[in-house]
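Reading the structure
Okay, here's what each chain looks like letter by letter:
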Amino acid sequence: MSVTALFEPIRSWLSAESLQSFVSSHHQTIIALQKDAPVGSALQVLAENKILSVPVLDEEGEYLGAFSVGDALRVLIQELESQLGHGWFDRLSQVKASELEAIGSSVSNKKVHTVTHPGDLWLKGDSKTTVLTVIKEGFQVLEPKGHHRIFVVDPAKAHTVTVHGSTVVINIKPGTEKPEASGLRPTDIVSQLDVVKLLSEHKDKLELVMGKTLEDLEIFEGSVFTIHASATALEAFHHMALDHKSCLGIVDNTGKLIGSVSVSDLRFLGPQNYGLLLLSVAEFSVVVAGKGPSQEEAIKGARVAGASDGKWAEVLKDLPLPTLRPSSTFGQLLETLASQGLHRIYIVDDDGKPVSIVTLTDMLREIIKPEPPVHHFQRMGTNDLPDDDDDDDEEEDDEEAK
């Protein structure tokens, strides 16, 4: 049985599960931002709510765009170029903490509507709009660049809007109907992680594949980008921006995976603490996670235990790093991602060295990808070759033109 056929039961079920039913049974309170909220406050909202993206609303509460951790990285790199000059990375050793603090202030004070991206806004369809449609057309997992989440607008839902400073909380009363109540205001959010958790709730539809290894499914073929633990956090974020990656694996002197740094870590960086970007990426990860010295202490020179001796595994020992092996099963992959709320997981070999990474997008793509085309070739004898006749060619051209 082909890999595609193994996923047919879950594909069939997803094609029957309506978007309406899904958002009704998996409702979440929408956190949104007012357009004039500063980026520093926006990042704090993301951190406090443990989310990666929020919709941004205009003066009338209508959808304007979305702000994500990726936008924060983009504006940081723009400010580095603007204030330190082109080619600043080649002069990285000369960059001062005070310069980064000034850049952090500029980033944090920008109005969020100036750095948003369009996002993907869906008007909620009828019962024929299915979760499978959301995966294919909303997340676009079969495309080179997909979406991690969509914001859904349902004009039939009544809701109340509460404003807390720069934050807007939209509460939908389940079961209510009030035509045209919401205009273009997001009423629901559906993320890739939500769908993976849904799959975990319906493992019976995946029984044909749960015991298959990642190696059997060839699901772990993605490249792994890594950085040494001693490199600066600023270097790590520069490479993420340059290579369009959302994370980098952190490795020790032997190449063993000992940690991970993600663009989402920028959420926890205080507006006045951008000088921390000059820390080693290992120490930075620990400090922003609140597992070592405070950010203020680290700015003043406090080190994470083990860092001064280059004991990088010791530095990162308190940060969880779930991993799997090529021999791990699809069931283990699904359970790990869903139960721990992960967006990705590293695949390591027997020596603990990273060989690949599997993301939510990879998993969803594997489930819905179509069967590869089958080509049937027939050997042609010399007598079977078409005649090279200019008159015939002209007749065919004329026929096509009619």
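For every chain, the first residue of the written sequence is number 1, and numbering continues from 1 along that sequence. The model is predicted, so local features are restricted to residues of pLDDT at least 70 and side-chain atom pairs to those at 80 or more, both for listing and for counting; the totals for chains, interfaces and linings are taken over all residues. Side-chain metrics in this entry use all non-hydrogen atoms of the structure; hydrogen atoms and water are not considered.

An unreviewed UniProt entry annotates the chain as CBS domain-containing protein originating from Volvox africanus.

Notes on the overall build of the chain
Strands here mean DSSP runs of E at least two residues long; helices mean DSSP runs of H or I at least four residues long; both are numbered from the N terminus. In terms of helices and strands, the chain carries 16 helices and 14 strands. Residue burial in the chain is summarised as follows: out of 402 residues, 47% are buried. Any two residues whose heavy atoms approach within 4.5 Å are treated as being in contact. For the chain, contacts bridging at least 24 residues in sequence account for 68% of all contacts bridging at least 6. Residue exposure ignores everything except the shown protein chains as possible cover, and the areas themselves are Shrake-Rupley values with a 1.4 Å probe. Only carbon and sulfur atoms are counted for the fraction: they give 47% of the accessible area of the chain, which is about 20300 Å². Between buried and exposed lies partly exposed: a residue is buried under 20% and exposed over 50% of the maximum accessible area for its type, with that area taken using a 1.4 Å probe on protein chains only.

Describing helix 10 (residues 233–243)
Among all positions of helix 10, only Ala233, Leu234, Ala236, Phe237, His238 and Met240 are buried. Looking at the packing, one finds that the buried side of helix 10 touches helix 5 (69–84), helix 6 (97–109), strand 9 (226–228), strand 10 (247–251), strand 11 (257–262) and helix 11 (281–288).

Observations regarding the nonpolar core
Among the nonpolar cores identified, the biggest contains 60 residues, and Phe67, Leu80, Phe237, Leu277 and Phe284 are the most heavily contacted of them. At 8 residues, helix 5 tops the list of elements feeding residues into this core. Those residues within four positions of Leu277 in sequence are excluded, and the remaining contacts are Leu76, Leu100, Thr232, Ala233, Leu234, Phe237, Leu269 and Phe284. Here, the term nonpolar core denotes a set of buried Ala, Val, Leu, Ile, Met, Phe, Trp, Tyr and Cys residues that are joined through side-chain atoms within 4.5 Å.

Comments concerning the sheet that holds strand 12 (residues 323–324)
Strands pair, by our definition, only if DSSP identifies at least two bridges between them. Read across the open sheet, the 3 strands follow the order 12-13-14; overall the sheet is mixed. The open sheet has two free edges, formed respectively by strand 12 and strand 14 (354–359), since each of these has just one partner strand. Inter-axis angles, ranging from 0 to 180 degrees, are taken between N-to-C directions of lines fitted to C-alpha atoms, where helices are fitted over the stretch in contact. Packed on one face of the sheet, helix 14 (residues 330–340) meets strand 12, strand 13 (344–348) and strand 14 and runs near 140 degrees to strand 13.

Looking at the packing of aromatic side chains
Put simply, two rings from Phe, Tyr or Trp (the six-membered ring, in Trp's case) pair if the centres are within 6.5 Å, and we call them stacked under 30 degrees between planes, edge-to-face over 60, tilted for the rest. Counted under the stated rule, the structure contains 4 aromatic pairs. Ring geometry for Trp88 and Phe89: centres 5.7 Å apart, planes at 90 degrees, overall edge-to-face. When its relative accessible area of 1% is taken as the criterion, Trp88 is described as buried. Accessibility expressed as a relative area gives 22% for Phe89, which makes it partly exposed. Measuring from centroid to centroid gives 5.7 Å for Phe237 and Phe284, while their planes differ by 80 degrees, and the two rings are edge-to-face. Taken together, the residues Phe237 in helix 10 and Phe284 in helix 11 connect sequence positions 47 residues apart. With respect to burial, Phe237 and Phe284 carry one shared label: buried.

Overview of the environment of Val54
Of note, Val54 is situated in strand 2 (residues 53–57). Sequence spacing of Val54 and Val69 is 15 residues, and the spatial spacing of their C-alpha atoms is 9.6 Å. Those residues in contact with Val54, other than ones at most four positions away along the chain, are Ile31, Leu33, Leu46, Gly65, Ala66, Phe67 and Phe151.

Points about the side chain of Asp71
By secondary structure assignment, the location of Asp71 is in helix 5. Here the side chain of Asp71 touches His117 through a polar contact of 2.7 Å, side chain to side chain. In the analysis that follows, any N or O atom pair within 3.5 Å is treated as a polar contact, provided that within protein one partner can donate a hydrogen and the other can accept it, and provided that, for residues neighboring in sequence, both atoms belong to side chains.

Points about the pattern of salt bridges
One side-chain nitrogen of Lys or Arg within 4 Å of one carboxyl oxygen of Asp or Glu is enough to make a salt bridge. Overall, the coordinates contain 11 salt bridges when judged by the stated rule. Of the charged contacts in the structure, one is a salt bridge between Glu366 and Lys369, with a shortest N-O distance of 3.3 Å. Judged by its relative accessible area of 6%, Glu366 falls in the buried class.

Quick look at the environment of Arg11
Assignment of secondary structure puts Arg11 in helix 2 (residues 8–14). Under the relative-accessibility criterion, Arg11 is labelled buried at 12%. A C-alpha to C-alpha distance of 7.1 Å links Arg11 and Ile367, two positions 356 residues apart in sequence. Other than its neighbours up to four places away in sequence, Arg11 contacts Thr4, Leu132, Ile367, Ile368 and Lys369.

Points about the sheet that holds strand 10
Here we have 3 strands laid out as an open sheet, ordered 9-10-11, and mixed in their pairing. Here the strands that pair on one side only, and so sit at the sheet edges, are strand 9 and strand 11. Between one strand axis and the next, the sheet turns by 35 degrees as a mean value, whatever way the strands run. Across 5 bridges, the pairing between strand 10 and strand 11 is antiparallel. Bridging across to strand 11, Ile250 finds its partner in Gly259. Lying on the sheet, helix 10 is in contact with strand 9, strand 10 and strand 11; it crosses strand 11 at an angle near 70 degrees. Running over the sheet, helix 11 touches strand 9, strand 10 and strand 11 and is turned about 65 degrees from strand 11.

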